[in-house]
Every structure is written in structure tokens, then in C-alpha cells.
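Commentary on secondary and tertiary structure
Read off the chains here:
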Amino acid sequence: MAAYRYAALNLCKQFNNLTLSVSSRYLSSTVSNSSYVANQKLRVCLPIVTSLRSSHTFLSRITADQLWKGVTSVSPAGRRKGRGRASGRTKQKDLNRGQVLGFGKKNMIWPGLNAPVVQGREIIRQQELPRDEEREKRILELRDKSFGRKSLKLSPLERGWTGSRLPGRSLGPPDPIGEETFEGFDSRVLEFKPVMHMSGSRGRVRRLSAFIIVGNKNGLAGFAKSISSNGNSAAKSAKNRAAKVLRYVERDNNSVVHDFYSEFGAVKIFVQKQPEGYGLVCHRVIKAICEMIGIKDLYAKVEGPTKNYQCITKAFFTGLHKQKSLQEIANEKGLYLVEMKKNRDYFPVVVASPEKCRTEEEIGPTEQLDYRLHLLNGRVEAPRKKYEPFYFKFPSYIKEMKDRERQRNQRGVRIHLLAKYGALKSFINVRDEEKAKQELKQTVEE
């Protein structure tokens, strides 16, 4: 307290010296002027003393970054115990955003601060303007707008499976190795997720796992996984690792060589070869793999855990590498491979002949001779249960079906009669016409 008084007395002494140095016309002023000077001394001294008292508060000793750190972070001891999992969600706000020096709650003109001192030949004086009611509202809107999370804008062709998230997106070709560059290659992120493990010294450690496939869309592809504390480094490392384990996949035009069944862990995959133009009707992970390999027509059904993307990838690649040519299947079975198609009225055509054919006595009674069942290891995919529509048992629907029964297949019958007889007539009309012709012929002969 004594220090505050000492500082106030020194300031008053300086003010006295300043008033004594004024010109003689101010020295000859009246007593009222001297009282005015005394009042001005008090006005100068008192605010300074109060500002000195309020300068040593808790908020003035700590910086804004330290205050925000106490709100947005967690201590190392608490982090080792697993606390502060949502600490990163609270972001630091810039409370000075929108604030301009010289403009505050009280709308004032301050010459030399927010207005010129002299404007033309007129000296600008300090004055109070009408209060701006919208000022605080604009500042709060600007602060909240800058604090909100900015969404990543991507073109529709660059988006992943779920908007702007990383799974399903392309990361471009792998990094070159020496002079070797991966021209024509591309990559897809199949899985990107956080993984955790418990450490004796650091507690729960959180890292990011990236599972990526790389291919040239011409039969060459590879996949790899990488884990890192940084998401970018994990994705980059997985992409470069996948480029070092490339493998070639046999194809038949734009599809697989034949149907096959494959499994890995609890995942089971049934794959069917399809003609050109069918498209990719399969799980989104298998679709991304086919795009990197160069397969355009395929049907695949996944049974088991459909969210275990790593097992799905490994099961599909296992089935692709176990494909065999028609000649290899014929030699393995020791029988002729015969194809029968509906468009040929199921006429048998030999497509592969074995090097040594077995006799009928050598074929066991329980041996599987069906081509597709042989490729699927005797397994058949579970058919999807068909549910009746909810309106099948409504009385109104039953009545409608009864009313339509007499008109059932009417359109198809009309088209068939027009195609066969060239007119809307049945075999009864044809029989009557033939009978009338015969009678007319007999009459003419008589």
C-alpha cells in the first residue's frame, strides 16, 4: 500500500511542475481556476492508483494460452490413467476476433485513434455517438463462424464410401523407388481406424491403422497394412508397402476365370463369373479390389462378418490365386469337361480333354461330377429368404386378384396369336375354317 501512495505522490509532483511551467496568462487566473486545477489533479491521480491496484490479478499474471491450455488439455498423469479422451474436441477460441482498436461497447470518436485529428480546417473533438446495438451480435457471429468445424469439400469422384472420410478414397500412385516409377498405378484405402493398446509406462496408447490396396488395373495388385501415431504417415507407409508385394491375377476378359469359393477366418465368399456388361455386384471392399485389378464383371456374396475388411480382402485374394484353367481342371479330375448352354438347347460341347481319361468303373458312386459344385468344394450359398409383401393378406388385394383372374395372361396370349396366325384367332377358328373349306370342296365336286 505504501508503494501505491509513493507512486501517486510522485505523479502529483510531476503534475505540479507541469502547471508551474504554464505561461503568465494562466498564472494570473482567478481563484476558481486554481480550484479547477486541483480538481484536475485529483482526476489524474485517483485513476492511476486504482489501475495499479488492479494490475496484479490472477488473470494478468497468466497468458491467454496458459488459460486455454487448462480448458482444452489434460495432464500427463491423467492421460496415463485414460482420462481426457474428449479433450481434443474443445478447441481454443480467438476472443479478439472482430475487435477493432478504438471501437468498443461505448461508441466514441477518439481523435488520433479511430478518427483524424484535423479534418480540413476543423479540429475533430472527442464526442459520443449513438450506441451500435448490432455490434456485439456481429462479433459473436463472426467468432462462432470461425470456431466451427470446416467440412472438407471434395468432388463427387474423389469422395470415399462415406463422404469426405478416408476409406474408399484414392491416394494416388506409390512413391518411386530409385529410378523405378509406378506409372499407371493407383491406390484405394480399404480401412482406416484407430487402434489402442495398453502400455505399462504410458497407459492406453492410441494409434491409427491404414489398410490399402495398390494396383495397375491390368491384373497386378497388392495390399498392406501400417500402424502409426500419425494418420498421414500410416497411409503413406501402407501404400508404399503394398507396392512391394504386388502379385499377378489371372483374368478371363473382364471377369474371373471361373466360379470359386474361398474363406479366411470366419469370412466365406462365393464368386460367380459374369458376362460382359454385368458390372460389379458385390461388397464395396471387393468392388474396390476389382477396380484395382481390372475386373469389371463379377457377382460375389459374402457370408459371415461383413465388416471385417482385412479378412474379406485375404479371402478374395486366396480364391483368385487358386483359380485353374479348364485344362488343369480336366487333368485333375481325369474326365472330359463338357459345356451345355441354354442357347444351344443344352447340346454338349467338349471344352477340355484330360491327358488320361478314367473309365466308368474308376468313378466312385459318391464322386461329385457337377462342374460348379466341384469348383465350390461342394458348398452352396444360402438363398435369401423371400418375404411376402405386407398387403398380400388384405381383403382388398384378394378381391382384386379374383377380378383380374379372367384377364390373366391376356396380353401375352394376344401377342402369341398375332405372331402365329397373323390375327386374333385360336386353333378353334383355324379348325372351323379348315372344316368349311372341306365342305365347300365337297360341294363343288358334287
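Sequence positions are assigned chain by chain, starting from 1 and proceeding in written order. Only residues with pLDDT of 70 or above have their local features reported here, since the model is predicted, and side-chain atom pairs are shown and tallied only from 80 upward, although totals for entire chains, interfaces and linings are computed over all residues. Each side-chain value is worked out from all heavy atoms of the structure, with water and hydrogens disregarded.

A look at the layout of surface pockets
For the largest pocket, the calculated volume is near 690 Å³. Only protein atoms enter the calculation, which uses a 1 Å grid: trapped sets of points that fit a 1.4 Å probe without letting it out are cavities, open sets showing protein on both sides within 12 Å along at least five of seven lines are pockets, and any residue with an atom within 4 Å of a point is a lining residue. Along the walls of the largest pocket sit 17 residues, with D259, E339, M340, K341 and Y371 positioned nearest its centre. To qualify as a helix, a DSSP run of H or I must reach at least 4 residues; to qualify as a strand, a run of E must reach at least 2; elements of each kind are numbered from the N terminus. Elements with a contribution of two residues or more to the lining of the largest pocket: β10 (267-273), β13 (337-339) and α12 (371-375). Gly is put with the polar residues, along with every residue not named as nonpolar or charged; the nonpolar set is Ala, Val, Leu, Ile, Met, Phe, Trp, Tyr, Cys and Pro, and the charged set is Asp, Glu, Lys and Arg. Tallied by class, the residues present in the lining of the largest pocket amount to 8 nonpolar, 2 polar and 7 charged. Grid points are joined across faces, edges and corners, and a volume is the space filled by probe spheres set on the points.

Observations concerning the sheet that holds strand β7 (residues 220-228)
Note on pairing: DSSP must find at least two bridges between two strands before they are called paired. One open sheet holds the 4 strands; their spatial order is β5-β6-β7-β8, and the pairing between them is antiparallel. Taken across any chain shown, the strands that pair with only one partner, and hence form the sheet edges, are β5 (186-199) and β8 (247-248). Where β7 lies against β8, 2 bridges are found, and the strand directions are antiparallel. Within β8, the position partnered with A221 by the bridge is R247. Contacting β5, β6 (203-215) and β7, helix α9 (residues 284-293) crosses the sheet at an angle of about 130 degrees to β5. By the convention used here, residues are in contact when the closest approach between their heavy atoms is within 4.5 Å. Lines fitted to C-alpha atoms define the axes here, with helix axes fitted over just the stretch in contact, and angles between the N-to-C directions of these axes take values from 0 to 180 degrees.

A word on the confidence of the model for the protein chain
Regions with low pLDDT carry predicted coordinates that are not meant to be interpreted in detail. Along the chain, pLDDT gives the predictor's confidence residue by residue, from 0 to 100. A residue-level look at the protein chain finds 84% of positions with pLDDT of 70 or above and a mean pLDDT of 82. Across residues 1-9 the pLDDT falls below 50, and counting only partners more than four positions away or on other chains, this stretch makes 7 contacts in the model. Every residue in residues 18-52 scores below 50 in pLDDT, and together they form 14 contacts with partners more than four places removed in sequence or on other chains.

Thoughts on the nonpolar core
Counting 29 residues, the largest nonpolar core has I269, I286, L298 and F316 as the members making the most contacts within it. Looking at this core, the elements with two or more residues in it are β6, β7, β10, α9, β12 (298-303) and α10 (309-321). Beyond its immediate stretch of four places on either side in the chain, L298 contacts V256, V271, Q272, Q274, Y278, G279, L280, V281, I286, C290 and F316. We call a set of buried residues a nonpolar core when its members are Ala, Val, Leu, Ile, Met, Phe, Trp, Tyr or Cys and they connect through side-chain atoms within 4.5 Å of each other. Buried residues are those whose accessible area, probed at 1.4 Å on protein chains only, stays under 20% of the maximum for their type, while exposed residues exceed 50% and partly exposed ones sit between those limits. The next biggest cluster of nonpolar side chains, apart from the first, holds 12 residues, and it includes A234, A235, A242 and A243.

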